[in-house]
Amino acid sequence: MPTVSAHVALTLAQHIDAVFGVMGNGNAYFLDALEKQTDAVFTAVRHEQGAVVAADAHFRASGRIAAGTSTYGAGFTNTITALAEAVQAHVPLVLVVGDEPTSGPRPWDVDQIALASAVGARTYTVGRADAAATTVIAIEHALTYRVPVVLAIPYDVAALEAGDVPEAPSPRLPAPLAPRGEFAEGMLDEIAEALRGAQRPFLLAGRGAWLSGASAALGELAAATGALTASSALGRGVFPESQYDLGVTGGFGADGAMELIRSADVAVVFGASLNQFTMRFGELFAPGTRVFQIDTAPAATHAHVGGFVRADARLAAEALVARLSPAPTSSPSSPSSPHDFGDSPRHAEAGLGSTGVSSPDSEVVQATGQQARAGAWRESVDVAAARAYAPGDELAADGRLDPRSAARRIAELLPEDRVVVSDGGHFIGWANMYWPVAAPDRMMMVGTAFQSIGQGWPSVVGAALARRDSTIVLTSGDGGGLMAIADLESAVRAAAGRGMAVVWNDAAYGAEVNLYGLKGLAEGPMRIPEVDFAAFGAAVGAEGVVVRTLADLDRLATWAAEDAATRRFLLLDLRISGDVIAPYQQEIIRVNS
């Protein structure tokens, strides 16, 4: 007869096809049922944190919810940092864990519900009679609120027979949040009017816009208004017309692009939280810029926002496109719509006669003039030049590799069909500045929401399973790379010849050196003895290459030309200078000085 754990596994597998984890006493029966009785793919990682990170990266790369699993006690506590990251980043996933028996805690048990709650994750505990239904509820909660959920199986319940697995309804998802009420409609009218009259319109989109499927509508809106566009770091590539896109805002942005944004007279933000990094610590927009925000958050998320609409980014963008589209013309003998009369704000602004009636000819003239006026700004600026970054020198003054020139050369050699996953640390600027990606689901930074490091290697595991035809490229520092080194083996095993890693090896915790070392604090704790990551990679089956000059990167060119089925995972150990400070880090230094 199926056990309680089998009820969980069989029900979970109806909705989730990828599970990552480490086996232990608390989840052994669950994994046995998952392996023997379902088609879900289980991928083992070497540290429990990696189970959550891999599930997190799988969702970011594919949009499909995944699961992690660990045992109780120490296995569960090992997941907490990654769980907190997924909460902060609004990533839905299910973490299936063992838990203390229903008779009460043992000496090695901890209050797992309280620990999960402390980082913002809700726990659902299954019983003998409700395991299938509770599993569906957990999945529904994760998807509805875009958060990780813990699904706990008490130790003394895990192997109990529970009868046939009952049919459970599919998780219900809420409909996209439409603009509702007179205020929302009125604010959309105001935004449309502001865009219509803008001389230098600007659109900014984040990951929320991508998740809502707003890309096409935002492209239409940008074309209708002649706006320049840009994205947050997690929204890169959301706008379809790259020739008018200024790239990433904030510290990852090019100086010329940021100057253009400051000259905008109207800015509309879709699905971006406007955190301090996106906003350049409050200096992204000039004081005279009218800033509007559209988001599903309850209220505007930055003090510089002058008008807010709570709505799904796609629905709001489509509503704005409709408002800005030329009104249909009508013959003089046919009934006129309200938009053909002078009480329409745009007609009043156009200076119609006292009768208020717009002729078809005047409508065409007005629409044509509006389009010509709208496109003037973006057609007059050199977007490519504005997006340019400093090329860097081959070697820095200390004789080590300049990370800017290395990043630029790597960008020239990377396979076009790639997904970039990033650990956290000072080095995050280099990939974000120099490596373009085609869409937001092809660049993810697992760890930055919670300001953590050490989540890079297991991110490769999740992304590799989510995108089985793409090359997975990890960018990591030596500090974070060492912290998660157990899952270097997992990354090499999961991605094989479709995977590669770039380790920016400056023998230091670079962010700390650049902030606190410059303040005169003791640097001893900030330094790391130089580690041979190439040798680490070779030990687990990868090809490791130490890179000290740009010429050493030629191996990436030949590797990219080889068949992914026969080549090995490539690990580039870049011996870079710590003296070259990323522009975003310079912003942080300035703010904290």
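For the structure given in this document, a descriptive report is provided here. Model, not experiment: these values are computed from the prediction.

1. Description of the sheet that holds strand S6 (residues 148-154)
Part 1 of the argument: The sheet built from six strands is open, its strands ordered S2-S1-S3-S4-S6-S5 with parallel pairing. At either margin of the open sheet sits one strand with a lone partner, and together these are strand S2 (41-44) and strand S5 (122-125). On average, each strand axis in the sheet is tilted by 25° relative to the strand beside it, whichever way the strands run.
Part 2 of the argument: When strand S3 (residues 67-70) meets strand S4 (residues 93-99), the two strands line up parallel, connected through four bridges. Each residue of the ladder has a partner; that of Gly68, found in S4, is Leu95.
Part 3 of the argument: Across the face of the sheet, helix H19 (residues 456-466) comes into contact with strand S1 (18-21) and S2 while running at roughly 165° to S1.

2. Digging into the nonpolar core
Part 1 of the argument: In this structure, Phe20, Leu83, Leu95, Val421, Trp457, Val460 and Phe569 are the most contacted members of the largest nonpolar core, which totals 56 residues.
Part 2 of the argument: Top element by residues in this core is helix H3 (residues 48-62). It accounts for eight residues.
Part 3 of the argument: Sequence-distant contacts of Leu95, that is, excluding residues within four places in its chain, are made with Val52, Gly68, Thr69, Ser70, Phe76, Thr79, Leu83, Val149, Val150 and Leu151.
Part 4 of the argument: The next biggest cluster of nonpolar side chains, apart from the first, holds 40 residues, and it includes Ala407, Phe427, Trp435 and Val502.

3. Digging into the pairing of strand S18 (residues 570-575)
Along any regular strand the residues' side chains alternate between the sheet's two faces.
Part 1 of the argument: Of all six residues in S18, six are buried; the element is thus mostly enclosed.
Part 2 of the argument: Where burial is concerned, the two faces of S18 agree: the one with Leu570, Leu572 and Leu574 and the one with Leu571, Asp573 and Arg575 are both buried.
Part 3 of the argument: For strand S16 (residues 499-505) and S18, the ladder comprises six bridges, and the chain directions are parallel. Bridge pairing links Asn505 to Arg575 in S18.
Part 4 of the argument: Alignment of strand S17 (residues 543-547) against S18, held across five bridges, turns out to be parallel. What sits directly across from Glu543, in S18, is Leu570.
Part 5 of the argument: Note that the unit made of S17, helix H24 (residues 554-561) and S18 has a crossover that is right-handed.

4. Notes on the sheet that holds strand S15 (residues 471-477)
Part 1 of the argument: With respect to topology, six strands assemble into an open sheet ordered S14-S13-S15-S16-S18-S17, the strand pairing being parallel. The sheet is open, and its two borders are formed by strand S14 (443-445) and S17, each paired with just one other strand. On average, adjacent strands in this sheet sit at an angle of 15° to one another, irrespective of strand direction.
Part 2 of the argument: Pairing between strand S13 (residues 418-422) and S15: five bridges, direction parallel. Residue pairing in the sheet places Arg418 in a bridge with Thr471 of S15.

5. Quick look at unusual backbone geometry
Part 1 of the argument: Here the phi dihedral of Gln451 falls at roughly 55°; this positive angle occurs in a residue that is not glycine.
Part 2 of the argument: Take Gln451: it is sitting in the loop between S14 and H19.
Part 3 of the argument: Of note in this structure, Ala507 is not a glycine but carries a positive phi near 55°.
Part 4 of the argument: You can see Ala507 is positioned in the loop between S16 and helix H22 (510-517).
Part 5 of the argument: For Ala507, a relative accessible area of 16% translates into the label buried.

Calculation rules
- Residues numbered from 1 in each chain as written.
- Predicted model: local features only at pLDDT ≥ 70, side-chain atom pairs only at ≥ 80, totals over all residues.
- Heavy atoms only, no water.
- Pairing = 2+ DSSP bridges.
- Helix = DSSP H or I, 4+ residues; strand = E, 2+ residues; numbered from the N terminus.
- Axes fitted to C-alpha atoms, helices over the stretch in contact; angles between N-to-C directions.
- Contact = heavy atoms within 4.5 Å.
- Core = buried A, V, L, I, M, F, W, Y, C linked by side-chain atoms within 4.5 Å.
- Buried < 20%, exposed > 50% of the residue type's maximum accessible area, 1.4 Å probe, protein only.
- Right-handed = clockwise from strand over helix to strand, strands pointing away.

Everything listed here is a matter of geometry and, on its own, says nothing about what the molecule does.
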